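# Observations on the three-dimensional arrangement
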Amino acid sequence: MSRRRQIYEGKAKILYEGPEPGTLIQYFKDDATAFNAQKKGTISGKGVLNNRISEHVFTLLGTIGVPTHFIRRLNMREQLIRQVEIIPIEVVVRNVAAGSLSKRLGIEEGTQLPRTIIEYYYKDDALGDPLIADEHIACFGWASQEEMNDIADMAVRVNDFLCGLFAAIGIRLVDFKLEFGRIWENDYARVILADEISPDGCRLWDMQTNEKLDKDRFRRDLGGEAEAYQEVARRLGLLPEGENSVLDLDQHRQKRGK
Ligand code: TMP
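Overview of the structure.

Conventions and cut-offs
- Residues numbered from 1 in each chain as written.
- Predicted model: local features only at pLDDT ≥ 70, side-chain atom pairs only at ≥ 80, totals over all residues.
- Heavy atoms only, no water.
- Helix = DSSP H or I, 4+ residues; strand = E, 2+ residues; numbered from the N terminus.
- Disulfide = S-S within 2.5 Å.
- Buried < 20%, exposed > 50% of the residue type's maximum accessible area, 1.4 Å probe, protein only.
- Phe/Tyr/Trp six-rings, centres within 6.5 Å; stacked < 30°, edge-to-face > 60°.
- Lys NZ or Arg CZ within 6 Å of the ring centre and 35° of its normal.
- Pairing = 2+ DSSP bridges.
- Axes fitted to C-alpha atoms, helices over the stretch in contact; angles between N-to-C directions.
- Contact = heavy atoms within 4.5 Å.

### Comments concerning the environment of G65
Mapped onto the elements of the fold, G65 is located in the loop between α1 (46–63) and β6 (70–73). Separated by 89 residues in the primary sequence, G65 and M154 place their C-alpha atoms 9.6 Å from one another.

### Details of the state of the cysteines
All chains considered together, the criterion is met by zero disulfides. The thiol of C163 is not disulfide-bonded; the next cysteine sulfur, from C202, is found 10 Å away.

### A word on helix α6 (residues 225–235)
Along an α-helix, a turn takes 3.6 residues, which lines up residues three or four apart on a common side. With eight of 11 residues buried, α6 is to be regarded as a mostly interior element. When we look at burial in α6, the residues that qualify are E225, A226, A228, Y229, Q230, E231, V232 and A233. Residue G237 follows α6 closely and has a positive phi angle near 85 degrees.

### Quick look at the packing of aromatic side chains
What characterises a pair of aromatic rings is the spacing of the ring centres plus the angle enclosed by the ring planes. For the structure on display, the rule yields two aromatic pairs. Ring centres of Y122 and W142 lie 3.9 Å apart, and the angle between their planes is 15 degrees; on these two criteria the pair is classed as stacked. Highlighted residues: Y122 in strand β10 (residues 112–122) and W142 in the loop between α3 (134–140) and α4 (145–167), separated in sequence by 20 residues. Residue Y122 shares its accessibility class with W142, and that shared class is buried. Note on F140 and W142: the rings are 5.2 Å apart at their centroids and 35 degrees apart in plane angle, and the pair reads as tilted. By relative accessible area, W142 is classed as buried at 16%. An aromatic cluster of three or more residues is present, and its members are Y122, F140 and W142. One Lys or Arg, R4, reaches over the ring of Y16 and ends 4.2 Å from the middle of that ring.

### Concerning the sheet that holds strand β3 (residues 23–28)
Across the sheet, which stays open at both edges, the five strands sit in the order β1-β2-β3-β7-β6 with antiparallel pairing between neighbours. Both outer strands of the open sheet, β1 (6–9) and β6, are each paired with one neighbouring strand and no more. Strand-to-strand twist in this sheet, taken as the mean axis angle between neighbours without regard to direction, amounts to 25 degrees. Of the strand pairs in this sheet, β6 and strand β7 (residues 78–82) are connected by three bridges, and their pairing is antiparallel. The residue bridging F70 from the neighbouring strand is I81, located in β7. Lying on the sheet, α1 is in contact with β3, β6 and β7; it crosses β6 at an angle near 130 degrees.

In short, geometric facts, not functional conclusions.
Rendered as structure tokens:
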């Protein structure tokens, strides 16, 4: 296979030049990091599962009219996406108190919030992705007011949809992170959903047992992270019942260095 030009390497994904202008290939790694990459590890098969889970979720969001960067899945670890100019804001939507919200404000994890909260973090690893207010976004020109209105509307729609999707498979959507990007059409920019939606950037709790089915298993050294990601994929109907063939095939290929 001819070598492709690498555009960017992040903590969990690599972006390569796509086959046509305006497209990229998004490759999902098994690498996992936490606490701004102070903790590093791998979750075996994570890339394959996140590729499938994100494909599934983005495809469904497309059908309800949320524009996304997803074009199509290419293979087990790669998907074709539209190239966007990433807006440097991490959008966190919270339905239940957990993680940094609980820590910052002293609210017990698991407390149902009386209303959904949308928070913004400035996407800058060197600064540790600090929490910011709309005022900072406007002041420093990271996004226009119109773009922020679109982002907040989309975040609410995504949340409503995902809460239902996960509730139907016995999972509570506690919180999640979204990223958005701009695409330019002539002189006009449009904001679309980018990055991924997977257990890496969501808190997903089993409704019956409160068991964590997401990256908190890795962050908090709980173990069983690969099994948790598999369980989410299985409940979404992406792994045939009692079968791990996709993951077995991937392992086989990885061993052969392909
Ligand atoms: P937090 O409680 O640590 O602020 O995380 C809120 C949500 O955002 C949680 O579902 C995990 C996700 N998240 C990311 O995807 N990337 C990050 O760098 C952080 C800090 C959180």
